[in-house]
Amino acid sequence: NCDKHYPFPPRQRFNHFYGKNNWKEIDTPRLPDDPLNWPGDVYKKKLAAARKNTNQRCSVLVAQGEREGIKITSFAINSAFIGGAISVESAEAILTACQLAIDDKTPLLAWSEGGGQIMFESGLSLQGMVRTTLAVCDVKKNNLPYINIYTNKCYGGISASFSGVSDIALIEKTTMVGFAGQHIVKNQTREELPSNFQTSSELMRTGFCDAEFHRKEINDKIMVLLKILLK
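Now for a look at the structure at hand. All values reported here derive from a predicted model rather than from experimental measurement.

Procedures and definitions
- Residues numbered from 1 in each chain as written.
- Predicted model: local features only at pLDDT ≥ 70, side-chain atom pairs only at ≥ 80, totals over all residues.
- Heavy atoms only, no water.
- Core = buried A, V, L, I, M, F, W, Y, C linked by side-chain atoms within 4.5 Å.
- Buried < 20%, exposed > 50% of the residue type's maximum accessible area, 1.4 Å probe, protein only.
- Helix = DSSP H or I, 4+ residues; strand = E, 2+ residues; numbered from the N terminus.
- Contact = heavy atoms within 4.5 Å.
- Pairing = 2+ DSSP bridges.

1. What about the nonpolar core?
Here's step 1: Val60, Phe75, Leu108 and Phe162 are the most contacted members of the largest nonpolar core, which totals 32 residues.
Here's step 2: Of all the secondary-structure elements, those providing two or more residues to this core are strand 2 (60-67), strand 3 (70-77), helix 3 (88-104), strand 4 (108-114), helix 4 (122-141), strand 5 (146-154) and strand 6 (168-172).
Here's step 3: Per-element tally for this core: the top contributor is helix 3, with 9 residues.
Here's step 4: Every residue in contact with Phe162, bar those within four places of it in the chain, is listed here: Phe75, Ile77, Ile86, Ile94, Ser112, Thr132, Thr133, Val136 and Tyr146.
Here's step 5: Among the nonpolar cores identified, the runner-up in size contains 21 residues, and Phe14, Ala63, Ile72 and Met223 belong to it.

As structure tokens, then:
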């Protein structure tokens, strides 16, 4: 009734886009946990809690399915998994999606949300920004469409890497996108921010996104774009 777009976990998102159980979850590489050996197993405990809560290995889930006769490779981020932060394992999942799209000659869809790279893995996770951007560029070099959909809240290294280099950038209404969050920007600039700062409508006005859609209509719009791009 209020028209707010609440977060969609990846499996729910795939059901919404492909149709219930009309998609296949793709296995992605499993990497050793806690590469920096945090004291008191603090990171391992966070991972264990997130995995139990979401039934995912990492924040990114990869799926492949078919809609309207078009085979599509996709990945989605779950903000319930430690804020949707991108770890080395999450980056590997995105690389898997990119390579699968190239191998199977399918378009690539991404639903991007989350707070950026996970700082529990420091520079290791930051490398994921470069690696995922290069992987997406390989998809584009193969003349395969890459459409990114911003949803929920999307910040940090996500907005500054693979999500920011799509062929077409769509955004769901009520979504917020930026690099640093509003509170950080406000504290740094010591200025009052406009009420529409980082909102979907402001991102449209400034040309950061190509189109803004309601969740009820966005899937059909994605398919229209794919049919045009795939001729």
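So much for the structure itself; the text now carries on.
2. Digging into the pairing of strand 3
Here's step 1: Of all 8 residues making up strand 3, 7 are buried, and the element is well covered by its neighbours.
Here's step 2: Two strands pair when backbone bridges link them, and strand 2 and strand 3 are joined in this way by 8 bridges, in the antiparallel orientation. When the bridges of strand 3 are listed, Val62 appears paired with Phe75.
Here's step 3: Between strand 2 and strand 3, which pair antiparallel in sequence order, lie 2 residues; one of them, Glu68, sits at a positive phi of approximately 50°.
Here's step 4: Relative to strand 4, strand 3 runs parallel, the two sharing 4 bridges. Residue pairing in the sheet places Phe75 in a bridge with Ala110 of strand 4.

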